[in-house]
Amino acid sequence: MHYDIISAFIKSIRGGDPDAAVYWLARMIEGGEDVKFIARRLLILAAEDVGLANPNALLLAQSTFDAVHIIGYPEARIVLSECVIYLATSPKSNSAYSAIDEAIALVKRTGDLPVPLHIRNAPTKLMKEIGYGKNYKYAHAYDGNFVEQDFLPKEIIKERIYRPQQNASEIKILERLKKWWGNRF
């Protein structure tokens with residue numbers, strides 16, 4: 001039942017049920033599951049399911065991973081329980097997960113598009129002469145540490161990869177993106 005229980009565990013956390021999540025955690029502990037396996041799954045879930053809705057979740061999951069490696073059972077059960085409850089009760093977003101999958105699909109569809117000249121590194125005189133880095137705008141030299149410029153290859157300049165979701169953290173991100181980029185977001 002290893003895979004069924006881990007599935008129930010992950011889905012309970014994703015679904016926001018701390019009671020069920022801690023129950024399935026207890027089933028794994030009592031079943032002799034490797035503490036490192038559980039902690040690894042929590043790290044993945046923190047990035048995949050909680051994500052940008054609560055970026056501190058990844059930090060807590062990493063701390064949990066480190067702590068259970070140091071202390072082991074039986075005390076690791078307490079650290080795991082804290083992390084499980086935190087993740088289960090956190091707001092959720094899979095926007096980072098969706099964004100990287102979208103970007104990978106875009107790369108597979110469009111191939112190896114060239115890096116725009118203005119954002120290429122120019123460590124040699126020859127590279128500078130052929131236009132590497134020319135007209136690059138250093139964001140920190142502008143008000144608010146932002147200046148509008150293109151960073152994607154021209155062939156995909158209109159593509160949207162990251163789509164903020166409706167949670168407090170990403171609503172703030174979307175507001176910032178709209179301030180910077182206007183109607184692009």
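Residues numbered from 1 in each chain as written. Predicted model: local features only at pLDDT ≥ 70, side-chain atom pairs only at ≥ 80, totals over all residues. Heavy atoms only, no water.

### A look at the overall build of the protein chain
Along its length, the protein chain carries eight helices and zero strands. Secondary structure elements in the protein chain, listed N-terminal to C-terminal, are α-α-α-α-α-α-α-α. Taking 185 residues into account, the globule formula puts the C-alpha radius of gyration at 16 Å, and the protein chain, at 22 Å, lies well above it. When its C-alpha atoms are laid out on the principal axes, the protein chain stretches across 65 × 35 × 35 Å. Within the span of the protein chain, comprising 185 residues, buried residues form 34% of the whole. Distance from the positive charge centre (24 side chains) to the negative charge centre (22 side chains) of the protein chain: 8 Å. (Helix = DSSP H or I, 4+ residues; strand = E, 2+ residues; numbered from the N terminus. Rg over C-alpha atoms; globule rule 2.2 N^0.38 Å. Buried < 20%, exposed > 50% of the residue type's maximum accessible area, 1.4 Å probe, protein only. Lys, Arg positive; Asp, Glu negative; His and termini not counted. Charge placed at Lys NZ, Arg CZ, Asp CG, Glu CD.)

### Let's talk about the packing of helix α1 (residues 2-14) against helix α3 (residues 35-50)
The contact between α1 and α3 brings their axes to 11 Å, and the two run at 40 degrees. When the axis of α1 is compared with that of α3, the two are oblique. Handedness of the crossing formed by α1 with α3: right-handed. Counting all contacts with α1, which are made through His2, Ile6, Phe9, Ile10, Ile13 and Arg14, the residues of α3 involved are Phe37, Ile38, Arg41, Leu42, Leu45, Glu48 and Asp49. A class-by-class count of the residues in the contact of α1 with α3 yields eight nonpolar, one polar and four charged. (Axes fitted to C-alpha atoms, helices over the stretch in contact; angles between N-to-C directions. Parallel < 35°, antiparallel > 145°, perpendicular 65-115°, else oblique. Left-handed = near helix turned anticlockwise from the far one by under 90°. Contact = heavy atoms within 4.5 Å. Nonpolar A, V, L, I, M, F, W, Y, C, P; charged D, E, K, R; others polar.)

### Examining unusual backbone geometry
Cis geometry marks the peptide bond from Tyr73 to Pro74, where omega comes out at 5 degrees. Checked against the element boundaries, Pro74 lands in the loop between α4 (56-71) and α5 (76-89). Despite not being glycine, Asn135 shows a phi value in the positive range, around 70 degrees. The residue Asn135 is located in the loop between α7 (125-129) and α8 (168-181) in this model.

### Side note on a nonpolar patch on the surface
A cluster of nonpolar residues, Tyr136, Tyr138 and Phe151, forms a patch on the protein surface that exposes about 340 Å² of accessible area. Here Phe151 lies in the loop between α7 and α8. With a relative accessible area of 42%, Phe151 lands in the partly exposed category. (Patch = residues over 30% accessible without salt bridge, like charges linked within 9 Å, V, L, I, M, F, W, Y side chains within 5 Å. Areas by Shrake-Rupley, 256 points an atom, 1.4 Å probe, with all protein chains shown as cover. Salt bridge = Lys/Arg side-chain N within 4 Å of Asp/Glu carboxyl O.)

### Some words on α5
The terminal C-alpha atoms of α5, which comprises 14 residues, lie 20 Å apart, in line with the 20 Å expected from a rise of 1.5 Å per residue. When α5 is considered as a whole, its buried residues turn out to be Ala76, Leu80, Ser81, Cys83, Val84, Leu87 and Ala88. Next to the buried residues of α5 lie α1, α2 (18-30), α3 and α4. (Expected span 1.5 Å × (residues − 1).)

### Description of the nonpolar core
Among the nonpolar cores identified, the biggest contains 26 residues, and Phe9, Ile13, Leu42, Leu80 and Leu87 are the most heavily contacted of them. Of all the elements in the fold, those that place two or more residues in this core are α1, α2, α3, α4 and α5. A total of eight residues in this core trace back to one element, the largest contributor, which is α3. Those residues in contact with Phe9 that sit more than four places away from it in its chain are Ala21, Trp24, Leu25, Met28, Ile38, Leu42 and Val84. By size, the runner-up hydrophobic cluster in this structure holds six residues, among which are Phe146, Tyr162, Ile173 and Trp181. (Core = buried A, V, L, I, M, F, W, Y, C linked by side-chain atoms within 4.5 Å.)

### Describing the packing of α3 against α5
Contact geometry of α3 with α5 gives a least axis separation of 11 Å together with a crossing angle of 15 degrees. When the interaxial angle is binned, α3 and α5 end up roughly parallel. Remark: the crossing between α3 and α5 carries left-handed chirality. Between α3 and α5, the contacting residues are Val35, Ile38, Ala39, Leu42, Leu45, Ala46 and Val50 on the first element and Ala76, Leu80, Cys83, Val84 and Leu87 on the second. Classifying every residue of the contact of α3 with α5 gives twelve nonpolar, no polar and no charged.

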